[in-house]
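Topology and contacts: notes
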Amino acid sequence: MMSPTILISVDDAELSSSLLMELGKFDDITVCLPQDSNAGDAQMAVCWHPDQALLDKFPQIQCLHSAAAGVDHLGKGLLESGLPVARIVDPDQKQGMLEYVLWCVLNHHRDFDRAAKNQAQQQWHLYPQLPANEVRVGVMGLGEIGAHVATGLAQFGYSVSGWSRSPKQLERVSTFSGPSEFTDFLEQVDVLVNLLPLNQATQGILNQSLFQSLPEGACLVNTGRGGHLVEEDLINALEKGWLRSAVLDVFAAEPLPAEHPLWTTEGVTVTPHMASSSSAAMIAHQVHQNILRFIKGQPLLNTIDHTLGY
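In short, a report on the structure.

Rules of the game
Residues numbered from 1 in each chain as written. Predicted model: local features only at pLDDT ≥ 70, side-chain atom pairs only at ≥ 80, totals over all residues. Heavy atoms only, no water. Axes fitted to C-alpha atoms, helices over the stretch in contact; angles between N-to-C directions. Helix = DSSP H or I, 4+ residues; strand = E, 2+ residues; numbered from the N terminus. Parallel < 35°, antiparallel > 145°, perpendicular 65-115°, else oblique. Left-handed = near helix turned anticlockwise from the far one by under 90°. Contact = heavy atoms within 4.5 Å. Nonpolar A, V, L, I, M, F, W, Y, C, P; charged D, E, K, R; others polar. Salt bridge = Lys/Arg side-chain N within 4 Å of Asp/Glu carboxyl O. Buried < 20%, exposed > 50% of the residue type's maximum accessible area, 1.4 Å probe, protein only. Pairing = 2+ DSSP bridges. Phe/Tyr/Trp six-rings, centres within 6.5 Å; stacked < 30°, edge-to-face > 60°. Disulfide = S-S within 2.5 Å. Right-handed = clockwise from strand over helix to strand, strands pointing away.

**Structural notes on the packing of helix α4 (residues 91–109) against helix α6 (residues 144–155)**
- Packing of α4 against α6 brings their axes to within 9 Å, and their N-to-C directions diverge by 50°. On the basis of the axis angle, α4 is oblique to α6. Considering only the axes of α4 and α6, their crossing is right-handed. Contacts between α4 and α6 pair Q93, K94, Q95, M97, L98, V101, L102 and V105 from the former with E144, I145, H148, V149, G152 and L153 from the latter.
- Residue composition of the contact of α4 with α6, grouped by class: eight nonpolar, four polar and two charged.

This is the structure in structure tokens:
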């Protein structure tokens, strides 16, 4: 019996090379790139911003595997192809996200953002120090990663609430759900952390209406997707003082173009999509598990719900 074949369709050369190396360590599968002569034998494609004509070029592919926790990068055509789609679930990635968000919360809570601004102006100014339980952090999205972040922040002593599409229960976290409770959630948040999946319902959710629902002087942390944010509305909210600051790790266009106004908007911190990521070894391990399960007719691990898009 021929070994199962995996096609790597990844637009990042470094990631593609790393996956080729890591998947190549398994002697019970075959790995290829789109230009390879055996690409037509592939049953599964592992993807990161893949070729949107992937299934036209390789119609024998029977399942898709995201190389990340999210799947929106696959694009509408592949997501609506009817093929099963699996994603990465990585405990280390959850912890990495908590570390990043904790840094963002501390930056606001302990006024490190203001200290950096004062240093640039050679000004010495002390701010009153609040205990963590007086800082209200809200997490939008309580999936695998969001729930870990919310409970982790609560363990650090912050007053944490969370909002999700459907009701959730988390230890030491006040939870809200659905459209009817969204405004109530926003009105009691000092630092808003977005960890929602990107789909039709959440596209552009970080907009003027949301910013005006937050307490004046709040901070936005976007580690979801660039498509969640209406950039012009954020710039306006910062300029008018509705928000004090924003930490942005994801953008509609990546890399963020050098001429983009977010680089120079006062109050904005830009990081280059570095909040958290899985190692190539972890991705390869989970892809390997799933191709073997697929060949044996077993259910794939960590598949998405196509009706929800995640």
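There's more to say after this.
**As for the packing of helix α1 (residues 13–23) against helix α10 (residues 280–295)**
- Two numbers describe how α1 lies on α10: the axes approach to 9 Å, and their chain directions differ by 55°. Here α1 lies oblique to α10, going by the angle between them. Crossing geometry of α1 relative to α10 is assigned as right-handed. Taking contact as the criterion, the partners of L15, S18, L19, E22 and L23 in α1 are, on α10, A280, A281, I283, A284 and V287.
- Class assignment for the residues of the contact of α1 with α10 results in eight nonpolar, one polar and one charged.

**Some details on the pattern of salt bridges**
- The full count for this structure, using the stated rule, is nine salt bridges.
- In this structure, the salt-bridge partner of D51 is K57, at a minimum N-O distance of 2.6 Å.

**Focus: the environment of D92**
- Within the secondary structure, D92 sits in helix α4.
- Its relative accessible area of 58% is what places D92 among the exposed residues.
- A sequence separation of 105 residues divides D92 from P197, and the C-alpha atoms of the two residues are 19 Å apart.

**Points about the sheet that holds strand β12 (residues 268–270)**
- Taken in spatial order, the seven strands line up as β8-β7-β6-β9-β10-β11-β12 in an open sheet, and their pairing is parallel. Here the strands that pair on one side only, and so sit at the sheet edges, are β8 (173–177) and β12. Between one strand and the next, the sheet's axes are offset by a mean angle of 15°, whatever the strand orientation.
- In this fold α6 packs onto β6 (136–140), β7 (159–164) and β8, with an angle of close to 170° to the strand it touches most, β6.

**Description of the packing of aromatic side chains**
- A complete count under the given rule lists four aromatic pairs for this structure.
- Each ring, one from F182 and one from F185, has its centre 6.5 Å from the other, and the planes form 20°; the classification is stacked. Here F182 pairs with F185, and both are found in helix α7 (residues 182–186), just three residues apart, close to one helical turn.
- Residue F182 is classed as buried on the basis of its relative accessible area, which comes to 14%.

**With respect to the state of the cysteines**
- One pass over the structure, following the stated rule, counts zero disulfides.
- C104 carries a free sulfur, and the closest cysteine sulfur to it, the one in C219, is 7.0 Å from it.
- Note on C104: relative accessible area 1%, which makes it buried.
- Taking relative accessible area as the criterion, C219 reaches 2% and is therefore assigned buried.

**With respect to the sheet that holds strand β3 (residues 44–48)**
- Read across the open sheet, the five strands follow the order β2-β1-β3-β4-β5; overall the sheet is parallel. Where the open sheet ends on each side, the last strands, each with one partner, are β2 (30–32) and β5 (85–86).
- Bridging between strand β4 (residues 63–66) and β5 involves two bridges; their strand directions are parallel. Residue pairing for β5: H65 is matched across the bridge by A86.
- Along the sheet, α1 contacts β1 (5–10), β2 and β3; its crossing angle with β1, the most-contacted strand, is approximately 165°.

**Here's the deal with the pairing of strand β11 (residues 243–248)**
- Of all six residues in β11, five are buried, a share of seventy percent or more.
- Taken together, the five bridges between strand β10 (residues 218–222) and β11 define a ladder with parallel strand orientation. When the bridges of β11 are listed, A218 appears paired with L243.
- Following the chain from β10 across helix α9 (residues 231–239) to the adjacent parallel β11, one finds a crossover that is right-handed.
- In this sheet, β12 lies alongside β11 in parallel orientation, the contact comprising three bridges. Each bridged residue has a counterpart across the sheet, and for L248 the counterpart in β12 is V270.

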